[in-house]
Amino acid sequence: MHTKEKTSSVIVKVAIATIIAIYVLFPFFLVVINSCKTKDAITADPIGFGGANFGQLVQNLSDVINNNSFPFWKAFGYSVEITVLSLVFLAVFGSMAAWVICRNKTKWSTVIYFTFIASMIIPFQVVMLPLISTFRDAGKFVGINMLFSVAGLVFAYLGFGGAMTVFILNGFIKGIPYELEEAASIDGCRPEQTFFRVIFPLLTPVITTVTILNGMWIWNDFLLPNMLLGASSGGSGGVTTLPVAVQAFVGSKVIEWNLLLSATLLAMIPIIVLFLVAQKQIMNGMIEGAVKG
Amino acid sequence: MGNEVSMGKKITAILMLVVGVLFFVRAMMLDFSGSKADFRGAMLIIGVVLIIAGLYFFPTLRYHRTIINIIFLFPLLFAFLVTVIIPLVLGVSYSFTDWDGIRMNNIVGLANYTKIFSQKDFIWSILITFMFVVFNMILVNLVAFLLALLCTSKLKGMGFFRAAYFLHNLIGGIVLGYIWQFVFSNVVTKITMTLIKDNTSMLENFRTAFFAIIIVYVWQYAGYIMLIYITGLNTVPGDVIEAAAIDGASPMQTLFDIKIPMIAPTITICTFLTLTSAFKQFDVNLALTNGTPSADFMGEYITQGTSMLALNIFQTAVVKDNYPLGQSKAVLFFIILAIVSILQVRISNKKEVEL
């Protein structure tokens, strides 16, 4: 009797979980299935398999990629470049700064640390407009192009991602015994050697966390690249990122859902592949970031 | 011998410093003289790098640690200063002027602020943002908590469901917004047509469009919050729950009297996360409705019936090209967020003391 109840409740639970999963994943199914149809077939039957075939998928994808108003490969390349560079700089410079802030208990380091923490509540909107003018004017003044450039965007991500990065790293570095650094210094390590040879390798798990958190945000970010690179950069010239390109593409089109959905499919694939490869790390990273942040 | 090495080092370091300073000063002189030479940017960077290298190689034992501290802090702090602190100070001061993005002519005091409060569409925007935040906070937390309960029950295959529920949180709001625009305008209408012979899209009426945004947002965000609840629930020790079961507690009693009180800190974290993220949400709003359709409010026709604060600021500044008003709205947005965050921190500190 008792075991019977248990199996029935298990079945109910699995059934509920499955139904929720179907509901939750249904939009993705719709994207895939409708990317395999022509425009008219979608209007006729947007839900079922009617009119879907693999040849049409290839056709849609190549139409999207070769479309002048959706520079997929260029946007993808820039997105990768910008994300990777920002993540490397944030990891290296972020841990350097966090280490200095954590290991020097002076008035200055405390002030810097609390400024970083307080800055995390600043919404992007409030700095958005002056940021553009600062980048434009400062760039013009010193002769380094900050607007419409990869360098400017990476620099901006270093500034905006710095606070959270330092905060999470700081919490981790606090837990590393200071004796380790003392021992290294007695053995003749200079401070920078102590950091790069002793401390930095120990930071691997927390740098993974920080990189995942920053990576998800930077890869998907729309507003910052849209403001700094300009909405007009979606065309043939200029730097653009995937979210900006997708938005520009949809904005420029009379609604042709077969192409739009194929474009969103292309934009989603890299993230989904990454998630399938590093599922555990990504989920753990997101949890740790939230609990510490 | 050792002395010679250190002499050589000293000379190299000083040489680097001198050349670096020369480059830096020359580049700055070119900047101030209004030169348009292309090489001045590279010159400045080389100058700064040389100064840093010179400082780094400077053979001093006493100040070496200080030098390293400064070099280590410099890149991040410099970027933070240029991208956050300076624009923040400028932005707050610009909101009291008629700055149009390029130049400012007059200080107008509080005129921008009185103007934005006389605009009904902004009041409307504040109202629906608060409504959106409240709905979201409750719905996301409720859905996420139920999903977490489901996923922590010891069943096979729960790892798969957990991943499936979480997946869309990784995809950007812009892409998700367009996907759901398709779902609402093509798929849902098809279903309602067959069921109730009505094919008006949810996005055509501001009330239903508002709920459409909530649906998408809950769909996107609940998986993430669920993960945090799962972590919280996993910290509840198994023997406590077992003891409760032996004492004859029903599953409901276990839930309300043991699990929920024990994960109170997690609930605080999740409430805070949903609160601030709902306030700031922009991408889904832009991609799904772009503020449309229109609404009636206090006898006035508002074209942007579902435009929440973040989108309203963007539209004022970028689309309508009204920088002063957009900037003042943004400052107000910042103040609201700061108040909410401070309240949240205070409440959570109090709760922790009580526990």
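Residues numbered from 1 in each chain as written. Chains lettered and ligands numbered in written order. Predicted model: local features only at pLDDT ≥ 70, side-chain atom pairs only at ≥ 80, totals over all residues. Heavy atoms only, no water.

Thoughts on the overall build of chain B
Reasoning step 1: The helix and strand inventory of chain B stands at 14 helices and two strands.
Reasoning step 2: Taking 355 residues into account, the globule formula puts the C-alpha radius of gyration at 20 Å, and chain B, at 29 Å, lies well above it.
Reasoning step 3: The dimensions of chain B, computed from C-alpha atoms along their principal axes, are 85 × 60 × 40 Å.
Reasoning step 4: The buried share among the 355 residues of chain B stands at 49%.
Reasoning step 5: In chain B, the share of contacts with a sequence separation of at least 24, taken over all contacts with a separation of at least 6, comes to 69%. (Helix = DSSP H or I, 4+ residues; strand = E, 2+ residues; numbered from the N terminus. Rg over C-alpha atoms; globule rule 2.2 N^0.38 Å. Buried < 20%, exposed > 50% of the residue type's maximum accessible area, 1.4 Å probe, protein only. Contact = heavy atoms within 4.5 Å.)

Quick look at the packing of aromatic side chains
All names here are of chain B.
Reasoning step 1: Tallied over the full model, the rule gives 48 aromatic pairs over all chains.
Reasoning step 2: Plain terms: the ring middles of F117 and F122 are 6.1 Å apart, the flat faces sit at 70° to each other, and that makes the pair edge-to-face.
Reasoning step 3: Under the relative-accessibility criterion, F117 is labelled partly exposed at 43%.
Reasoning step 4: Residue classification places F122 among the buried positions, given a relative accessible area of 1%. (Phe/Tyr/Trp six-rings, centres within 6.5 Å; stacked < 30°, edge-to-face > 60°.)

Thoughts on the nonpolar core
Reasoning step 1: Membership of the largest hydrophobic core comes to 192 residues, with the highest contact counts inside it found for F135 of chain A together with Y165, F166, I225, M226 and L288 of chain B.
Reasoning step 2: Looking at which element gives the most residues to this core, the answer is helix α8 (residues 206-234) of chain B, with 19 residues.
Reasoning step 3: Leaving out residues up to four positions away in the same chain, M226 of chain B has contacts with A144, L147, A148, C151, R162 and Y165 of chain B.
Reasoning step 4: Residues A27, L30, M43 and L44 of chain B belong to the second largest nonpolar core, which totals five residues. (Core = buried A, V, L, I, M, F, W, Y, C linked by side-chain atoms within 4.5 Å.)

Thoughts on the pattern of salt bridges
Reasoning step 1: Taken as a whole, this structure holds four salt bridges over all chains when the rule is applied.
Reasoning step 2: Note that R190 of chain A is salt-bridged to E192 of chain A, the shortest N-O span being 2.9 Å.
Reasoning step 3: In this structure R190 of chain A comes out as partly exposed when scored by relative accessible area, which is 33%.
Reasoning step 4: With relative accessibility at 5%, the residue E192 of chain A sits in the buried group.
Reasoning step 5: A salt bridge links R40 of chain B to D31 of chain B, with the nearest nitrogen and oxygen atoms 2.8 Å apart. Here R40 of chain B and D31 of chain B have matching classes, each one buried. (Salt bridge = Lys/Arg side-chain N within 4 Å of Asp/Glu carboxyl O.)

Here we look at the environment of F200 of chain A
All names here are of chain A.
Reasoning step 1: Tracing the backbone through its elements, the reader meets F200 in helix α9 (residues 191-202).
Reasoning step 2: Separated by 108 residues in sequence, F200 and V92 have C-alpha atoms that sit 8.8 Å apart.
Reasoning step 3: In this structure, F200 is in contact with A91, S95, F195 and I207, ignoring residues within four places of it in sequence.

A word on the domain arrangement of chain B
All names here are of chain B.
Reasoning step 1: As far as domains go, chain B holds domain 1 (2-113) and domain 2 (116-354).
Reasoning step 2: Here the C-alpha centre of domain 2 lies 42 Å away from the C-alpha centre of domain 1.
Reasoning step 3: Contacts between the two partners involve twelve residues from domain 1 and, on the opposite side, nine residues from domain 2.
Reasoning step 4: Between domain 1 and domain 2, a total of about 870 Å² is buried, with carbon and sulfur atoms accounting for 70% of that surface.
Reasoning step 5: It is W99, N112 and Y113 that lose the most area in domain 1 upon contact with domain 2, and together they represent 60% of the buried surface on that side.
Reasoning step 6: On inspection of domain 1 and its partner domain 2, the count reaches zero salt bridges.
Reasoning step 7: Those elements that place two or more of their residues in the side of domain 1 that touches domain 2 are α3 (64-94) and α4 (111-118).
Reasoning step 8: Of all the elements, α3 adds the most residues to the side of domain 1 that touches domain 2, at four residues. (Domains from an automatic or database assignment. Buried area = accessible area lost by both parts, 1.4 Å probe.)

Some thoughts on empty space enclosed by the protein
Reasoning step 1: According to the stated counting rule, one finds four cavities of 30 Å³ or more in the structure shown.
Reasoning step 2: Taken as a whole, the largest cavity encloses approximately 90 Å³ of empty space.
Reasoning step 3: What lines the largest cavity is simply W219, N220, L242, P243, A267, M268 and I271 of chain A together with I171, G172 and V175 of chain B.
Reasoning step 4: For the lining of the largest cavity, the secondary structure elements donating two or more residues are α10 (204-220), α12 (242-252) and α13 (257-277) of chain A.
Reasoning step 5: Considering each element in turn, the lining of the largest cavity owes the most residues, three residues, to α13 of chain A.
Reasoning step 6: In this model, the second largest cavity occupies a volume close to 50 Å³.
Reasoning step 7: Looking at the second largest cavity, the residues that line it are S79, I82, T83, L153, Y157, I218, W219, D221, P225 and T241 of chain A.
Reasoning step 8: Those elements giving two or more residues to the lining of the second largest cavity turn out to be α4 (72-103), α7 (150-174) and α10 of chain A.
Reasoning step 9: The dominant element in the lining of the second largest cavity, judged by the number of residues it contributes, is α4 of chain A, at three residues.
Reasoning step 10: Its residues assigned to classes, the lining of the second largest cavity shows six nonpolar, three polar and one charged. (1 Å grid on protein atoms, 1.4 Å probe; cavity = no way out; pocket = protein on both sides within 12 Å on 5 of 7 lines; lining within 4 Å. Points joined across faces, edges and corners; volume = space filled by probe spheres on them. Nonpolar A, V, L, I, M, F, W, Y, C, P; charged D, E, K, R; others polar.)

Focus: the domain arrangement of chain A
Residue and element names in this part refer to chain A.
Reasoning step 1: Segmenting chain A into domains produces domain 1 (2-62) and domain 2 (72-292).
Reasoning step 2: Here domain 1 and domain 2 share an interface that buries about 910 Å² over both sides, 76% of which is from carbon and sulfur atoms.
Reasoning step 3: Taken as a group, V31, K39 and L61 account for 46% of the area that domain 1 buries against domain 2, more than any other trio of residues on that side.
Reasoning step 4: In this structure, the connection of domain 1 to domain 2 is made through zero salt bridges.
Reasoning step 5: The interface formed by domain 1 and domain 2 holds one residue pair in polar contact (both at pLDDT 80 or more) in total.
Reasoning step 6: Broken down by secondary-structure element, the contributors of at least two residues to the side of domain 1 that touches domain 2 are α1 (2-35), α2 (39-44) and α3 (54-65).
Reasoning step 7: Per-element tally for the side of domain 1 that touches domain 2: the top contributor is α1, with five residues.
Reasoning step 8: For the side of domain 1 that touches domain 2, the per-class residue count stands at six nonpolar, four polar and two charged. (Polar contact = N/O pair within 3.5 Å; in protein donor to acceptor, adjacent residues only side chain to side chain.)

Notes on α9 of chain A
Reasoning step 1: In this model, α9 of chain A (twelve residues) spans 16 Å end to end at C-alpha, consistent with the 16 Å of a helix rising 1.5 Å per residue.
Reasoning step 2: Along α9 of chain A, the positions that sit buried rather than exposed are P191, E192, T194, F195 and I199 of chain A. One side of α9 of chain A holds all its buried residues, which, seen down the axis, span an arc of 135°.
Reasoning step 3: Where α9 of chain A is buried, its residues meet α4 and α8 (178-186) of chain A together with α2 (39-57) and α3 of chain B. (Expected span 1.5 Å × (residues − 1). Arc of directions from axis to C-beta.)

A few points about the side chain of R103 of chain A
Reasoning step 1: With respect to the element layout, R103 of chain A can be found in helix α4.
Reasoning step 2: A polar atom in the side chain of R103 of chain A sits 2.7 Å from the backbone oxygen of I176 of chain A.
Reasoning step 3: Filtering out sequence-adjacent residues up to four positions away, R103 of chain A remains in contact with I173, K174, I176, P177, Y178 and E181 of chain A together with R65 of chain B.

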